Amino acid sequence: MHIMNVVGPILVALVYISLCSLFKEPNRRNFNAIMMAGAGAAYLNGGFGIWEFVFLVAVTYCAYQGLRSYSFIGVGWLLHTGWDVLHHLYGNPIVPFAADSSLGCAICDPVIALWCFAGAPSVYDLLRRRSREGQSPVP
């Protein structure tokens, strides 16, 4: 495995988190719930037949609950991570012309899930807060 097969998906997750951080709450949470629901539909023709619909129902439930709770969004992303692994090993890749795309998604998704479990804080607010804490008072 090439290092970019790991670093690339992590960078994608960090870019996603950075862009989502531009949204104010509750729009950030709602947008994340919608994105996770969309990710759940990405494999509808992924090779597991009726199980693709069962998975979609589970992720849709998480997305609906995610409209009020980042924890459900995090659970949805972790479910998607497991589905990514299964598709990488046994099913069709998420991007038909990129054989390792499901593996990349399985690396990206848990990074987003961890951010959601942390309450999906704005990285810009965190940086501003850290910057203010690091400033010394002027005498």
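Below is a short write-up of the structure. Model, not experiment: these values are computed from the prediction.

**Let's talk about the overall build of the chain**
Here's step 1: Within the chain, the regular secondary structure consists of six helices and zero strands.
Here's step 2: Scanning the chain from its N terminus toward the C terminus, one meets helices and strands in the order α-α-α-α-α-α.
Here's step 3: If you line up the chain on its principal axes, its C-alpha atoms span 70 × 35 × 15 Å.
Here's step 4: Counting across all 139 residues of the chain, residues that qualify as buried make up 35%.
Here's step 5: Long-range pairs, those at least 24 residues apart, make up 69% of the contacts in the chain with a sequence separation of at least 6.
Here's step 6: Counting every atom, the chain has about 8200 Å² of accessible surface; 70% of that belongs to carbon and sulfur.

**Concerning the pattern of salt bridges**
Here's step 1: Inspection of the entire model under this criterion finds two salt bridges.
Here's step 2: With its nearest N and O atoms 3.3 Å apart, the salt bridge here joins glutamate 25 to arginine 28.
Here's step 3: In this structure, arginine 128 and aspartate 125 form a salt bridge, with 2.5 Å as the shortest nitrogen-oxygen distance. Of this pair, arginine 128 and aspartate 125 are both found in helix α6 (residues 123–134), three residues apart, which corresponds to roughly one turn of the helix.

**Comments concerning the packing of helix α2 (residues 27–40) against helix α3 (residues 50–66)**
Here's step 1: The N-to-C vectors of α2 and α3 enclose an angle of 180°; their axes lie 8 Å apart at closest approach. Classified by the interaxial angle, the pair formed by α2 and α3 is roughly antiparallel. Seen from α2, the contacting residues are Arg29, Ala33, Met36, Ala37 and Gly40; seen from α3, they are Phe55, Leu56, Val59, Cys62, Ala63 and Gly66.
Here's step 2: When its residues are assigned to classes, the contact of α2 with α3 shows eight nonpolar, two polar and one charged.

**Concerning the packing of α3 against helix α4 (residues 70–89)**
Here's step 1: The N-to-C vectors of α3 and α4 enclose an angle of 160°; their axes lie 7 Å apart at closest approach. As far as their axial angle goes, α4 and α3 are roughly antiparallel. Crossing handedness for the pair α3 and α4: left-handed. The residues of α4 that touch α3, namely those facing Trp51, Glu52, Phe55, Ala58, Tyr61, Cys62, Gln65 and Gly66, are Phe72, Ile73, Val75, Gly76, Leu79, His80, Trp83 and His87.
Here's step 2: Of the residues that constitute the contact of α3 with α4, the class distribution is ten nonpolar, five polar and one charged.

Calculation rules
- Going along each chain's sequence as written, the residues are numbered from 1 onward.
- Under the rules for a predicted model, residues below a pLDDT of 70 receive no local features and side-chain atom pairs below 80 are neither given nor counted, while totals for whole chains, interfaces and linings still include all residues.
- No hydrogens and no water enter the side-chain calculation; it runs on all heavy atoms of the structure.
- Helix and strand assignments follow DSSP, with helices taken as H or I runs no shorter than four residues and strands as E runs no shorter than two, numbered in order from the N terminus.
- Any residue under 20% of the maximum accessible area for its type is buried, any over 50% is exposed, and the rest in between are partly exposed; the area is computed with a 1.4 Å probe on protein chains only.
- We call two residues in contact when some of their heavy atoms are within 4.5 Å.
- Reported accessibility uses the Shrake-Rupley method at a 1.4 Å probe radius. Residues are deemed covered only where the shown protein chains occlude them.
- Salt bridge, as applied in this entry: a Lys or Arg side-chain nitrogen positioned within 4 Å of an Asp or Glu carboxyl oxygen.
- Fitted lines through C-alpha atoms serve as axes, helices being fitted only where they are in contact, and the angles separating the N-to-C directions of these axes extend from 0 to 180 degrees.
- Angle categories: roughly parallel below 35 degrees, roughly antiparallel above 145, roughly perpendicular from 65 to 115, and oblique for all the rest.
- When residues are sorted by character, Ala, Val, Leu, Ile, Met, Phe, Trp, Tyr, Cys and Pro go into the nonpolar class, Asp, Glu, Lys and Arg into the charged class, and all the rest, Gly among them, into the polar class.
- Left-handed describes a crossing whose near helix is turned anticlockwise from the far helix by less than a right angle; the clockwise case is right-handed.

Scope: geometric values only; no functional claims are made or implied.
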